[in-house]
Structure formats: C-alpha cells, structure tokens
There are 2 protein chains.
Amino acid sequence: MTVKCPSKLKPLFDYIDKNKSRFIDNLKNAVSIQSVSGDPNRRNEVVKMIYWVANRLTALNATVEICDVGMQELPDGTTLKLPPVILASLGDDQRKPTLCVYGHLDVQPANRSDGWVTEPFELEIRDDVMFGRGTSDDKGPAISWLHVVEAYNAATLDLPVNLKFCYEGMEESGSEGLHELLLSKKDTFFKDVDYVCISDNYWLGTKKPCITYGLRGLCYFFLQVSCASKDLHSGIFGGSINEAMSDLIAILDTLVDKDGKILVPKIYDEVEPVTPEEKSLYESIDFSMEEYNQDIDSPQLLHDKKENLLMARWRYPSLSIHGIEGAFSESGSKTVIPKSVIGKFSIRLVPNQQPETVEKLFREHIEKQWKIRGSANSYTFTMLPGAAPAWKSNPDHPHYEAASKAVQYVYNIVPDFTREGGSIPVALTFQDVIGKNVLLLPMGRSDDNAHSQNEKLNISNYVEGTKLMAAYLYEVGLLEKVV
Amino acid sequence: MTVKCPSKLKPLFDYIDKNKSRFIDNLKNAVSIQSVSGDPNRRNEVVKMIYWVANRLTALNATVEICDVGMQELPDGTTLKLPPVILASLGDDQRKPTLCVYGHLDVQPANRSDGWVTEPFELEIRDDVMFGRGTSDDKGPAISWLHVVEAYNAATLDLPVNLKFCYEGMEESGSEGLHELLLSKKDTFFKDVDYVCISDNYWLGTKKPCITYGLRGLCYFFLQVSCASKDLHSGIFGGSINEAMSDLIAILDTLVDKDGKILVPKIYDEVEPVTPEEKSLYESIDFSMEEYNQDIDSPQLLHDKKENLLMARWRYPSLSIHGIEGAFSESGSKTVIPKSVIGKFSIRLVPNQQPETVEKLFREHIEKQWKIRGSANSYTFTMLPGAAPAWKSNPDHPHYEAASKAVQYVYNIVPDFTREGGSIPVALTFQDVIGKNVLLLPMGRSDDNAHSQNEKLNISNYVEGTKLMAAYLYEVGLLEKVV
C-alpha cells in the first residue's frame, strides 16, 4: 500500500514532463565534454565540465565557490593541477532543513573501439534509451538536481530546503583532494547541513526503484615483480633466468579460489557476523537472479539462492584480479620476457573491515607466499592511496522514510532498502566528517553499464528520476532540522 | 693458430674501410623506414623497404623478382596484403657454386616512450655505436651483402659464387607466406642453390665471433578464458561470478616452476639425450656468465655452471609467459572484472621435439588442469600458425670450415661453433625444402638489444662483419658444387 502524492507536486511533475527534450539536450551537451579524470591529457575537459555546471548554478542564483584542491602527482613523477570542486548554496532560511547533494562530473574512459555501438561522447537515443558515457554515471543524476531547482522556480514554489551542492571531477580516480576539502570545510560550508543525498548508484534490477543504505569499501593493491633491467628475448634468455611473470602468477594464484573465497588468512575475521534479523532482510528484497545473469551472461553464478548472492555482493568481501601492467597485452604475439610486471587486484571491504588491517594481512600473506616460492627476484607490494572502509547507514531513519515516500509518489511502489557492492568513499566521509545522515537515491538501472561499454540511461529513468528528486526535496523539507 | 688471410681479399677490405661512412648512411636511410611488420598501419612502410632494397639490387645488375605471397588475415577478421618477397640472382656460371643469402627487412615495434634513449627510427651514433631499430636485426646484415657485391665490383673481382637473395618483410611476424613460396620455388629459383647463409643472429658474447649451427623451434599458445558477455564493475559483480582472470592465472600457474622446469607431463620425453661428446662441446665455448648477466642484471641465473646455462638456452626447451590480453594493462588503477582474457605463452623447442606432439601434450595438460579447477567458465586453447621444430646442422661440414676461415681472415681468431636459443623457422625450411647445408653467420653482438629498447650495432661489427661476408663469399667459392 503506497502513500498518495501531494497535489503540490503536480505542477513540478508537469514542468519536468514538458521540459523533457530540453533536459535531454542539456545532458547531450554534458556528455559531449570528454571529462575523463583518469586521462591527464583530458584534464582541461574535466575543468570545462566543472565550469559548465558552475555557470548553470550561478544562473540559478546559487552562491558558487570554485575550490582549488591542489596538485595531483602522476605515476611518471610529474604533477598536474586537480580539477576544482564546486561548493554551491541556494537559500539560507534558518527554519528549513539543509540538504547537501553530492555528484561527480567526471567519467570513466571510453573508446568506440572497446565495443561501443555508438560514439561514447555523443549522446544518441535508441528506443527511448540515451547512450553515452556519463549518461547514468553520473552526469545525468548530477544535472537533474539543477533541473529540479528550475522546476521549483518555474512553479513559483519556494524551495523546501536550503540546498547545497558538492560536485567534484575526480570521483572515477579516487576523489583525490576531496576528503581534505570536506575536512577543511566541516565547520563552515558543511556546518549547517542536516542531510546528505548522493545520487550515484543504480537500482538493484531494471524495474523497481530502491534506496541504498550501504556500500562496500575498497583496497586496491599493486604487486610488482622484477627479474631484469630490460625486456628480454624469450629465445635468447628463456631457460636462463627465473621470469618475473611466472613468479607474479604464482603469487596471484594464492589470493582467491574459483568459488570466490579469499585465501588470505584471517581476512574474514573482522567481517560483521550475520544475524537472523539481517538475513530476513534479504529474503524480502525484490531481485531476480535470472534477470541479473541475463544481463552479464555468466555461465554460472557462484550462489544459487537470492539471499546468498545478495550477501556475497553486499556484506561479504570479494577479490578481483584486474590485470597486469608491463607484460605483453596487445593482440597478436610477442616473444618477450617482461623485465618487470605489476599485478593489480583489489578487495571490496565490508563492515567492520579496516583498510589498515586488511593491508597488513595481505602484506603478511604475500611475504609468506613469496618465501614459499623461493624466487631470487624481488617484489614490492603497495596499497594505493584512497583505500576506504565500507559505509552503512540506518534505513529506519526518518530521512529514509522521506525518500521512500518520494519514491511512492512517483513510482506508486514501496521501494526496497538495499545495499550495494561498489564503493563511494565520500559517503563515509560525509557520515563521519559531517556527522549527518547520508542516503543514496539512485536514478538509473542495474543494466546501465556504468564503467562498461554502451553506458546508457533510460529516458523514463531520467524523467521520473528528476520527479523523484523534486518529491524527495519536498519530503526532506518536512523533516526536522538536525542541528 | 689461425689461418692467414689471402692477399686477394685486401682490396675488398680496403674498399669497405674507405666506404664506411656511405655504408652507415645507407643503414641510416634503411632505419628511417618504419617497416614494422606487426603493425598493419605501417604495412606500406614494409613494402617501401622491400622496394628500397629491390631497387639497389637492380642497380647492382641483379635479376630481381618481386614475389606476391598473398593476403594476411588479421585478428579482427579483415585481410591485408602481405609484403612481397624479393628473390634476386647475380650470376649463372655453372662452374661456380651457388650461395643463397637470406635476410629480413621488417623490424620489431619500437616507441621512444618504451625507454629508448634515442628516436628508434633515426639512426644515431654514440661512441661508435649505431642506435636504431633494425640496425642489428636485420637491416644492417641484410644490406651488407649488397655492399659486399659493390666491393667486388669496385675491386674488379669476379664474384666467386652465383649469388641469390631471398629477402622478406614478415620475419618478425611469423614469416607468413614465405614457407609456401620456398616450396613453390624449390625446383626453379632454389634448384641450383648449393649453400644457404643466414645473417640474422648474434655473437654469443660481446667479443668473440661465432658461427651458429643450431636454433630452437617455437610453439606459441593462446589460452582464452571467458566469464561474461561484457566487462564488469568489480564492486557490483565481485563475489557473484567466477572470474575469468583467476581461472586463467590458476592454469598459467601449472605450466612452469620457478626453476624454469616445464610442468607439462612428458614434455621432456622427446628431448634428445645428452652424450658425453656433446657435453664436452660446451666446455670449450668462450662464454662469460658474468658478462651475460651484467647485460640483463638478473638477480640470479638459473644455472651456476657455464655448460648447464648454455644447454638450458640451446638444447633444452623453455617456457615463457608473455602476457595477458583483455585484462587491464595500463598504468593506474581500474576496478574491472575483464569479461574475457587471453594468456599468451610459448615454448622453445629442441631436437627432437615436434610441434604436433608438444601441442597435444599441452592440450591434454590444460584439459586436465581445467577439470581440477572445476570452473563453470569456458576456455579455448590455440596453437598459433607458424610453429616450427628446432633446426640443427652439422658444424663439421666444409661449408662451416669455409666460414671459420673467413672469420680467421678478418678477426684473427678461430670462432666458436654455437647454437642459439631463438628461432628462425626459415633455417629449417631451407634445410628440409632446399635440402642444402645452412649456416648462420652473425654480424652483431649479444648485447645488441634485438627486440628490446635501444637496439644497436657497433660500427666495428658493421664494418668487420661486411669484410667477413666478403671473405666468406671467397671461401664458399672454393667449395665444391653440391649438385
């Protein structure tokens, strides 16, 4: 049984419906800016994207601050200016609660040749679906907050909250510089914030909206093994040295078994035990294993029960080996013995795992395995900066109830409260640094191909998702101020 | 005790010394043509290089045939014309023996950013060393045969042999099309050939010349494992599927141990047993383990005795894992679960291993290991075209004696007879198809960095190596015709 939509929201929803084409055009412009944060050569595009949004916020009468967050050190030792972070405010009414929305304006890399059916940086509509890098992650949701403000203005409705914006351009590259900025602004810009909303995730499936109260954390590791001062010809040198590549592979082979079990001793010790109450939560979630696998076409899922699969994705750690740098990786064949190779793998953390403990366990495991291997080569083991623990909130909080009502107004269905397997470290920073309730309000669907080829956002998700944000703002306005 | 140089050779040697600068300029021009056979986008450069040499041969009054060898099928399914092969002849005197020299005009890829200290396609001289891709492998040696002919002409000396040239442009990419051409020309162009000489290898060290009578063969394998229809986000999907990357790594980890021992059952069964006579050959070879390792700076060689190291490189098989295609291989971090990954590895074959048997043993081993792994994913295992057994000749043959004398004339030292760990499949084709004695006459040194960064050829090797070719031609002219 869902709650009825207040009539006050009707003009907002109408405005959003009527301005659909223009909102799509805005997203088209945003997608055309190739703001790939991981590519130093396109840093100016990220900066361009930041100013593109900042100018629009100014046009909406927001007070906009463009915050310098310093320099980035690149792997080759050179430095590059980080893109600035937008901090903006609309309204300062002491009677209203203050909501801070977070979004990011940078995107993952994308090349047509990777297997895109459209040009990744040209928004193209096929069957009511918008294809393009950043449509769903996260330009679509990020600019929708601006469309919501526009709708309130057009409907001559007072904004129900003081609204603050925190928009960055380095999310896909570890949010470098953001944590420090948030810390430094804790007692100024963020002082009056009561609630935080992040729209940078996805529905659990393709049909039913959800509200997300948990994310896994992340530790990313580099394991480098070196065997020579230069790449060698495998004919001339094969058989005379202990090759770095076989050493690396031997160590990588000790990390995880075929059932996804992480083989590092004690790695599960810190994991929060499952209670019967928690277990019952998963049973009621609307989730189709078939639909989930249809999308990725894996020959077999690791779990045959919905609850176990959800727990594996949300509340147990997982380890993935992403690749090897320094070895031959192109198509065709090359008879090289690589001089030095870097294995890259990461672990998704869950409550109550701490990055420091996890790093220590991996370091000890690799040290032990290396001794067993007995290679004369040398290795270095590094945890990348930006490691973060998991984030978990309390879905019984009134903030979540407000978001649930907003979903019901728009979609006429009671949303599931979900967790997610991915990581958004800033969620934890907002919770711990600002000390306020954080909530994730997804706009897109599970099959939006974030980080993959053919990223997309359904037009219906874009339009209804904008209405959802408008309704959510209304409901948050009815909440008590926390301060 | 070395043999004395015949005075007849003096004017040839003088001419070569006097024309050193011009010969270097010729090599400079050749290096500037970016004839990378492995790069389809530079195929026209390979063709340009072929014609560059063909025109020079014509100017020397050779009869030149430009042989079309058909199309290449690229990994993406498209086809590309293979570069033609040069077959050229100088002289048809029935009283003289006929020598066929083989060379290749294509090169390995090279980018300054790989760690070159000079532009790879601009020959640059530093301290009497010529740096540039192809200087040593194989443009330097290949064009030197032309300089030798020029020297004989200038000295108004009759060429001591009928000279045939077989120059290709696909050696670094498996000599595609060449084998078939040789077969088809067996009874025409190659019919009268008595001896074959290949100058496409290196001295064993950096100081003493050698003549090479053996090469290892090669089987190159692709092992592909797939787990999904698209690349996946490791946060969203980590823990729910069996990842292709960990399956691949588990199988690659069963191939070779840290001491270089190949773990595929029965793989050593076909290997020719070592006789005491053979063993004694290695003891007399002039080879410094220290110098060998100084060049590559490996923390530890797999063998502590010269004989064992030489045997490991020449007469025992070795396995190298070259890399993985499809996984993340760039610098930085990416939280991807690759949908499909291809492990690339190869084995160097020795007498009497046959590619068919080796392929079968690997196929069985991988099938067995895959069953043990018990993964629900699928794999494909492929041996690349161009697999070839080892080649070994008889260094007691008069042809080798002739080459040894030529070395003594130029370097005043008796050369070692060596084998080499690399593979030149055409050596075996010449021996088996043409049925004539084949010999490898290296020009460059062991530290020439063929296939690696900073390929080079010492000017002294270039000049003395050209004299060696001139003297070798003289000595071959004194041999009996085989036919």
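Chain A has the name Peptidase M20 dimerisation domain-containing protein in an unreviewed UniProt entry, where Parthenolecanium corni is given as its organism.

Q: Give a detailed account of the interface of chain A and chain B, specifying residues and quantitative values.
A: Of the residues lining the interface, 82 residues belong to chain A; the matching set on chain B comes to 82 residues. In total, about 6,700 Å² of surface goes out of reach between chain A and chain B, with carbon and sulfur atoms giving 54% of it. Summed over the shared surface of chain A and chain B, the number is two salt bridges. Note that B:Asp295 is salt-bridged to A:Lys230, the shortest N-O span being 2.9 Å. Where chain A touches chain B, the interface holds 41 residue pairs in polar contact (both at pLDDT 80 or more). Counted by class, the side of chain A that touches chain B contains 33 nonpolar, 32 polar and 17 charged residues.

Q: So what's going on with the pairing of strand β8 (residues 162–168) of chain B? Residues and values would help.
A: All names here are of chain B. Burial within β8 is extensive, with seven of its seven residues counted as buried. Alternating residues of β8 divide into Asn162, Lys164, Cys166 and Glu168 and Leu163, Phe165 and Tyr167, and every residue in both groups is buried. Bridge count between strand β4 (residues 85–90) and β8: five bridges; the pairing is antiparallel. For Ser89, the partnering residue across the bridge sits in β8 and is Lys164.

Q: Go over the relation of the copies chain A and chain B with me, naming the residues and quoting the values.
A: Expressed as a screw operation, the relation of chain A to chain B combines 0.0 Å of axial shift with a rotation of 180°, fitting to an RMSD of 0.1 Å. Considering both components of the superposition, the chain copies are consistent with a two-fold axis. In this assembly the copies share their binding face: 100% of the residues contributing to the interface of chain A also contribute to that of chain B.

Q: Explain the UniProt feature "domain: Peptidase M20 dimerisation" (unreviewed entry) in chain A to me, using residue names and the numbers behind them.
A: Feature annotation in UniProt places "domain: Peptidase M20 dimerisation" (unreviewed entry) on residues 213–370 of chain A, given in this structure's numbering. Annotation note: span residues 213–370 of chain A, helix share 34%, strand share 22%, distance between end C-alpha atoms 40 Å.

Q: Mind laying out the packing of aromatic side chains, listing which residues take part and the relevant values?
A: Going through the model one piece at a time under the given rule, you end up with 35 aromatic pairs over all chains. Geometrically, the ring pair formed by A:Phe189 and A:Phe190 is edge-to-face, given 4.9 Å between the ring centres and 85° between the ring planes. Ring centres 4.8 Å apart and planes at 50° place the aromatic pair B:Trp370 and B:Tyr379 in the tilted group. A relative accessible area of 9% places B:Trp370 in the buried class.

Q: Give me the UniProt feature "binding site: substrate" (unreviewed entry) in chain A: which residues, what numbers.
A: Residues and elements named next belong to chain A. The UniProt record annotates "binding site: substrate" (unreviewed entry) at Asp200, His233, Thr335, Arg348, Ser423 and His451. Taken along the chain, the residues just named run across 252 residues; in space they spread out, the farthest C-alpha pair reaching 47.0 Å. In this structure, Asp200 sits in the loop between β9 (195–198) and β10 (210–215). Judged by relative accessible area, which is 7%, Asp200 ranks as buried. Among all residues touching Asp200, those that are not within four sequence positions of it are His104, Asp137, Asp138, Glu171 and Ile424. Within the structure, Asp200 has its side chain in polar contact with the side chain of His104 (distance 3.3 Å).

Q: Tell me what's going on with the sheet that holds strand β13 (residues 318–325) of chain A, and back it up with residues and numbers.
A: Residue and element names in this part refer to chain A. Ordered in space as β13-β15-β11-β16, the four strands form an open sheet in which the pairing is antiparallel. A single partner strand is all that each edge strand has here, and the edge strands are β13 and β16 (378–383). Averaged over all adjacent pairs, the angle separating strand axes in this sheet is 20°, with direction ignored. With six bridges joining them, strand β11 (residues 217–226) and β16 adopt antiparallel strand pairing. Of the residues in β16, the one forming a bridge with Phe221 is Met383.

Q: I'd like to hear about the pattern of salt bridges, residue by residue, with values.
A: Evaluation of the coordinates by the stated rule reveals 52 salt bridges over all chains. When the shortest N-O distance is used, the salt bridge between B:Arg373 and B:Asp247 registers 2.7 Å. Of this pair, B:Arg373 sits in helix α11 (residues 355–373) while B:Asp247 is found in helix α7 (residues 244–252), placing the two residues 126 residues apart along the sequence. Between B:Lys456 and B:Asp447 there is a salt bridge, with the nearest N and O atoms lying 2.8 Å from each other. Salt bridges sharing partners connect three or more residues here, namely A:Glu272, A:Glu278, A:Arg315, A:Lys392 and A:Arg419.

Q: Give a detailed account of helix α7 (residues 244–252) of chain A, specifying residues and quantitative values.
A: Because an α-helix completes one turn every 3.6 residues, residues spaced three or four positions apart along the sequence face the same direction. Most of α7(A) is tucked away: nine of the nine residues are buried. Residues A:Ala244, A:Met245, A:Ser246, A:Asp247, A:Leu248, A:Ile249, A:Ala250, A:Ile251 and A:Leu252 constitute the buried set of α7(A). Structurally, α7(A) contributes buried residues whose contacts are with β11, β13, β15 (340–349) and α11 (355–373) of chain A together with α7 and β13 (318–325) of chain B.

Q: Can you explain the confidence of the model for chain A? Please cite residues and give values.
A: On average, chain A scores 95 in pLDDT, and the residues at 70 or more come to 100%. Scored by ipTM, the complex comes to 0.90, with pTM at 0.90.

Q: Quick one: what's the story with the packing of helix α1 (residues 10–18) of chain A against helix α4 (residues 135–154) of chain A, residue by residue and with numbers?
A: Residues and elements named next belong to chain A. Two numbers describe how α1 lies on α4: the axes approach to 9 Å, and their chain directions differ by 120°. It follows from the interaxial angle that α1 and α4 lie oblique. Crossing handedness for the pair α1 and α4: right-handed. Packed against α1, whose contacting residues are Leu12, Tyr15 and Ile16, the element α4 presents Glu150, Ala151, Tyr152 and Ala154 at the interface.

Q: Please provide a residue-by-residue account of unusual backbone geometry, values included.
A: The general pattern is negative phi for most residues beyond glycine and trans for most peptide bonds. Put simply, A:Asp137 and A:Asp138 share a cis peptide bond, and its omega is 10°. Counting through the fold element by element, A:Asp138 comes out in helix α4. A positive phi angle, near 65°, is found at A:Asp128, a position not held by glycine. Inspection of the secondary structure assignment puts A:Asp128 in the loop between β6 (124–126) and β7 (129–131). Despite not being glycine, B:Asn449 shows a phi value in the positive range, around 60°. Note that B:Asn449 resides in the loop between β19 (437–440) and β20 (456–458). A relative accessible area of 14% means that B:Asn449 is categorised as buried.

Q: Lay out the side chain of A:Arg313 with the relevant residues and their values.
A: By secondary structure assignment, the location of A:Arg313 is in helix α10 (residues 306–314). Despite its burial, A:Arg313 pairs with no opposite charge, the nearest such side chain being A:Glu420 at 6.5 Å. Side chain to side chain, A:Arg313 and A:Tyr292 meet in a polar contact 3.5 Å long. Of the polar contacts made by the side chain of A:Arg313, one reaches the backbone oxygen of B:Ile236; its length is 2.9 Å. Not counting residues up to four positions away in its chain, the partners in contact with A:Arg313 are A:Leu204, A:Arg216, A:Phe287, A:Tyr292, A:Glu420, A:Gly421, B:Gly235, B:Ile236, B:Gly238 and B:Ser240.

Q: Can you explain the packing of helix α2 (residues 20–32) of chain B against helix α3 (residues 43–59) of chain B? Please cite residues and give values.
A: Residues and elements named next belong to chain B. Their axes nearest at 10 Å, the elements α2 and α3 cross at an angle of 155°. Between α2 and α3, the crossing angle belongs to the class labelled roughly antiparallel. Of α3, the residues touching α2 (which contributes Asn26, Asn29, Ala30 and Ser32) are Glu45, Met49 and Trp52. Among the residues forming the contact of α2 with α3, the class breakdown is three nonpolar, three polar and one charged.

Q: Could you give me a rundown of the environment of B:Asn377, with the residues and numbers involved?
A: Its location among the elements puts B:Asn377 in the loop between α11 and β16 (378–383). The class for B:Asn377 is buried, based on a relative accessible area of 5%. What B:Asn377 contacts, discounting residues up to four positions off in sequence, is A:Pro299, B:Val225, B:Ser226, B:Cys227, B:Asn242, B:Glu243, B:Ala244, B:Asp247 and B:Trp370. Side-chain polar atoms of B:Asn377 contact the backbone oxygen of B:Asn242, separated by 2.8 Å.

Q: So what's going on with the sheet that holds β20(B)? Which residues, and what values?
A: Residue and element names in this part refer to chain B. Strand order in the open sheet formed by three strands is β6-β7-β20, with antiparallel pairing between adjacent strands. Looking at which strands have only one partner, the edges of the open sheet turn out to be β6 (124–126) and β20. Geometrically, the sheet is characterised by an average inter-axis angle of 25° between neighbouring strands, direction not taken into account. As defined by bridge partners, strand β7 (residues 129–131) adjoins β20 across three bridges and the pair is classed as antiparallel. Residue pairing in the sheet places Phe131 in a bridge with Lys456 of β20.

Cut-off values and rules
Residues numbered from 1 in each chain as written. Chains lettered and ligands numbered in written order. Predicted model: local features only at pLDDT ≥ 70, side-chain atom pairs only at ≥ 80, totals over all residues. Heavy atoms only, no water. Contact = heavy atoms within 4.5 Å. Buried area = accessible area lost by both parts, 1.4 Å probe. Salt bridge = Lys/Arg side-chain N within 4 Å of Asp/Glu carboxyl O. Polar contact = N/O pair within 3.5 Å; in protein donor to acceptor, adjacent residues only side chain to side chain. Nonpolar A, V, L, I, M, F, W, Y, C, P; charged D, E, K, R; others polar. Buried < 20%, exposed > 50% of the residue type's maximum accessible area, 1.4 Å probe, protein only. Helix = DSSP H or I, 4+ residues; strand = E, 2+ residues; numbered from the N terminus. Pairing = 2+ DSSP bridges. Least-squares fit on C-alpha atoms with pLDDT ≥ 70 in both. UniProt positions renumbered as here; feature names shortened; annotations may be inferred. Phe/Tyr/Trp six-rings, centres within 6.5 Å; stacked < 30°, edge-to-face > 60°. Axes fitted to C-alpha atoms, helices over the stretch in contact; angles between N-to-C directions. pLDDT = per-residue confidence, 0-100. Parallel < 35°, antiparallel > 145°, perpendicular 65-115°, else oblique. Left-handed = near helix turned anticlockwise from the far one by under 90°. Lys, Arg positive; Asp, Glu negative; His and termini not counted.

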